[in-house]
Amino acid sequence: SSGINAEYGDGEVKEFKSGAFKFAKKSCLPIVPVTINNSFGSTNLNRKKRLRVEVIFHKAVKPKSFMHSENKGIALKIEKIVKSSWVKPEISSFKQKKDVIK
């Protein structure tokens, strides 16, 4: 298995790097886009409440639909799918608590 992580330390999904899709293309493997919502702050051990994290597995993108595409085009397609279900986190309260912890 292989994957990419478009981390967002500021609450934003970062641009998907096209090189990560070379493996799927070379190996003729489907790509399963995954959207993860409400995970921002999950590594904060000082949080008071549990998080309800939502993981959405989108329909697999079959190799025949991207084998003749440029890697950048594949990245944009997968990014669009992931962002279609992504919910921007409310990070203002998390940032305030983080500032107090310092």
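How each quantity is defined
Numbers given for residues are sequential positions, taken from 1 along each chain in its written order. In view of the model being predicted, local features appear only for residues whose pLDDT reaches at least 70, and side-chain atom pairs are presented and counted only at 80 or more, with totals across whole chains, interfaces and linings using the full set of residues. Remark: hydrogens and water are excluded; side-chain values derive from all non-hydrogen atoms of the structure. The helix count covers DSSP runs of H or I at least four residues long, the strand count covers runs of E at least two residues long, and both are numbered beginning at the N terminus. Only protein chains enter the area calculation, which uses a 1.4 Å probe; residues under 20% of their type maximum are buried, those over 50% are exposed, and those in between are partly exposed. Whether two residues are in contact is decided by their heavy atoms, any of which lying within 4.5 Å being enough. In these tables, accessible area is a Shrake-Rupley quantity obtained with a 1.4 Å probe, and a residue counts as shielded only by the protein chains included in the view. DSSP bridges decide pairing: two strands pair if at least two such bridges lie between them. Here a polar contact is taken to be a pair of N or O atoms separated by no more than 3.5 Å, where protein atoms must pair a possible hydrogen donor with a possible acceptor and residues adjacent in sequence count only if both atoms sit in side chains.

**Topic: the overall build of the protein**
Argument step 1. Tallying secondary structure elements over the protein gives 3 helices and 2 strands in all.
Argument step 2. Element order for the protein, N to C, with α for helix and β for strand: α-β-β-α-α.
Argument step 3. Looking at the protein as a whole, 27% of its 102 residues qualify as buried.
Argument step 4. For the protein, the proportion of contacts with a sequence separation of at least 24, taken over those separated by at least 6, is 67%.
Argument step 5. In the form shown here, the protein has an accessible surface area of approximately 7800 Å², with 53% of it arising from carbon and sulfur atoms.

**Focus: the pairing of strand β1 (residues 34–37)**
Argument step 1. Judged by which residues are buried, β1 turns out to be one-sided: T35 and N37 face inward and are buried, whereas V34 and I36, on the alternate face, are not.
Argument step 2. The pairing of β1 with strand β2 (residues 54–57) spans 4 bridges and is classified as antiparallel. What sits directly across from N37, in β2, is E54.

**Structural notes on the side chain of N44**
Argument step 1. Mapping N44 onto the fold places it in the loop between β1 and β2.
Argument step 2. Classification of N44 as buried rests on a relative accessible area of 13%.
Argument step 3. Only 2.9 Å separates the side chain of N44 from the backbone nitrogen of N46, close enough to count as a polar contact.

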